[in-house]
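Topology and contacts: notes
Spelled out, the chains give:
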Amino acid sequence: MPLKERDCKVLWHPFTQAKTAEPLIAIKRGYGSYLYDTDDKPYLDLISSWWVNLHGHVHPGIAKAIYAQSLTLEHVIFAGFTHEPAVQLCEKLQPLLPGFSKFFFSDNGSTAVEVALKMAYQYWHNQGVRKRTIFLSFDGGYHGDTFGAMSIGGKSGFHTLFSDLFFSVLTIPFPATWDGDEAIQNKEAYALEVLASHLSTSGDAIVALVLEPLIQGANGMQMCRPAFVEQVVHLVRNYGILVIFDEVMTGFGRTGTYFCFEQINIIPDFICLAKGLTGGFLPLALTVTTEKVYKVFWDDALNKSFAHGHSYTANPLGCAAAIASLDLLMEPSTMQSIQAIHDAHTKAIVNLPVKHRRVTGTIAAFDLENPQTFKRKCLEQGLLIRPLGNAVYLLPPYSTTVSELEKAYEKINNILKII
Ligand SMILES: *Cc1c(COP(=O)(O)O)cnc(C)c1O
């Protein structure tokens with residue numbers, strides 16, 4: 001029986017209505033920027049396999065690091081114990097995250113966000129402040145599928161069904177922009193007006209602001225301007241509100257710098273990392289914070305500690321993969337590839353007959369009325385693309401060459417002409 005049919009008998013896929021979904025594609029192997037199906041048809045992976053892959057599929061450097069680690073130590077409880085890969089990974093990350101000094105491990109982006117939310121809430125509680133119970137986030141923001149992450153992403157449209165169970169969140173309109181957008185000043189002014197009104201009524205009751213800096217990923221790669229984010233952060237900080245940057249998607253070079261916050265001149269209080277952390281090999285996440293936050297938990301009282309953890313916290317194999325991936329990211333040639341991908345996007349996207357062209361770092365996006373036919377044609381022609389609503393985006397691994405991208409854009413242009 002073909003793999004697809006065996007799958008249907010036993011599997012329940014994420015974000016999928018199995019009854020009406022397009023047929024599954026069974027992938028047998030990956031190599032570099034390509035995935036190969038069971039008939040050995042290649043697909044250029046233009047979405048980095050759900051935004052996690054950085055250096056191409058089955059990268060031998062990462063694979064070997066995982067294997068070597070698995071022969072030394074595969075796991076140890078992380079309460080009361082430590083190990084080399086966990087410490088080494090954080091030591092290596094710290095110079096890239098100036099201003100941050102404490103790293104808390106979990107397993108995925110949603111939990112990295114949950115940890116930040118809980119730490120932020122407890123930050124106030126530990127200091128005897130009980131009135132701060134509301135979070136602030138952006139309309140359209142997506143932060144994961146656990147209940148806290150759903151609450152702050154409540155207006156993303158993904159979680160409406162569960163809204164009765166959410167905690168209190170105030171939201172700000174997201175001033176999405178694109179090339180040649182003439183209304184951006186008005187959109188930003190309106191967002192700042194809404195924010196000012198939230199702050200004047202509830203500023204003292206807000207725990208933290210949570211946002212995806214510069215790019216709302218799941219909302220269709222919607223981009224905003226750095227100066228706007230900077231303004232927002234300055235305004236909320238006047239009220240002492242903590243700032244959480246969800247860099248689960250934007251981290252590790254995706255936006256052209258190692259981390260997105262570097263482009264905004266802001267040191268937030270928390271940064272959430274996951275997706276690219278292990279280069280796409282293993283699930284691992286980090287919530288990174290500052291001495292200012294950590295100090296509030298440092299106490300003789302046990303109940304001031306952060307009582308949160310996961311059984312796979314700081315799994316050594318995940319840490320070994322992350323170290324190997326980070327080493328690759330730090331090679332000068334990787335930043336050159338990131339720049340080359342950015343330049344190739346910028347050059348090619350202007351020629352596409354599409355609306356709302358936008359590029360940040362290695363991410364390019366545009367909007368189509370009905371991208372489903374487009375998606376099918378792309379897959380037929382060996383391009384792995386997965387639109388989000390009306391948005392089509394390209395988010396390739398850094399192993400993708402300029403020539404591979406140029407050929408992909410040529411195919412995309414031809415498909416757009418015939419649909
Ligand atoms: C994917 C994503 C998450 C959730 O991460 P998971 O690993 O899927 O739980 C959170 N925030 C952002 C910005 C994301 O893109």
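Structure: above.
A brief structural summary. (Residues numbered from 1 in each chain as written. Predicted model: local features only at pLDDT ≥ 70, side-chain atom pairs only at ≥ 80, totals over all residues. Heavy atoms only, no water.)

**Description of the sheet that holds strand 15 (residues 383-384)**
Read from one edge to the other, the open sheet built from four strands follows the order 1-2-3-15, with strand pairing classed as mixed. Each edge of the open sheet carries a strand with a single partner, namely strand 1 (27-31) and strand 15. Pairing geometry for strand 1 and strand 2 (residues 34-37), over four bridges, is antiparallel. The partner of I27 across the bridge, within strand 2, is D37. (Pairing = 2+ DSSP bridges. Helix = DSSP H or I, 4+ residues; strand = E, 2+ residues; numbered from the N terminus.)

**Observations regarding the sheet that holds strand 5 (residues 134-138)**
Across the sheet, seven strands lie side by side as 4-12-11-10-7-5-6; this open sheet has mixed pairing. The open sheet is flanked by strand 4 (102-106) and strand 6 (169-172), the only strands paired with a single partner. Neighbour to neighbour, the strand axes of the sheet diverge by 20 degrees on average, direction disregarded. With four bridges joining them, strand 5 and strand 6 adopt parallel strand pairing. Counterpart to S137 in the pairing with strand 6 is T171. Of the strands in this sheet, strand 4 and strand 12 (285-289) touch helix 4 (residues 84-93), which is tilted by about 130 degrees from strand 4. Relative to the sheet, helix 7 (residues 184-202) contacts strand 5, strand 6 and strand 7 (206-211), its axis offset from that of strand 6 by approximately 155 degrees. (Axes fitted to C-alpha atoms, helices over the stretch in contact; angles between N-to-C directions. Contact = heavy atoms within 4.5 Å.)

**Some points on helix 11 (residues 332-349)**
Between the first and last C-alpha of helix 11 there are 26 Å, a value that for 18 residues agrees with the 26 Å anticipated at 1.5 Å per step. Taken together, the buried positions of helix 11 are occupied by T334, I338, I341, A344, H345, A348 and I349. One side of helix 11 carries all its buried residues, which in axial view fall inside an arc of 125 degrees. Across from the buried face of helix 11, at angles greater than 90 degrees, the exposed residues are P332, Q336 and K347. The secondary structure elements touched by the buried residues of helix 11 are helix 10 (316-330), strand 13 (355-360), strand 14 (363-367), strand 16 (391-394) and helix 13 (402-418). (Expected span 1.5 Å × (residues − 1). Buried < 20%, exposed > 50% of the residue type's maximum accessible area, 1.4 Å probe, protein only. Arc of directions from axis to C-beta.)

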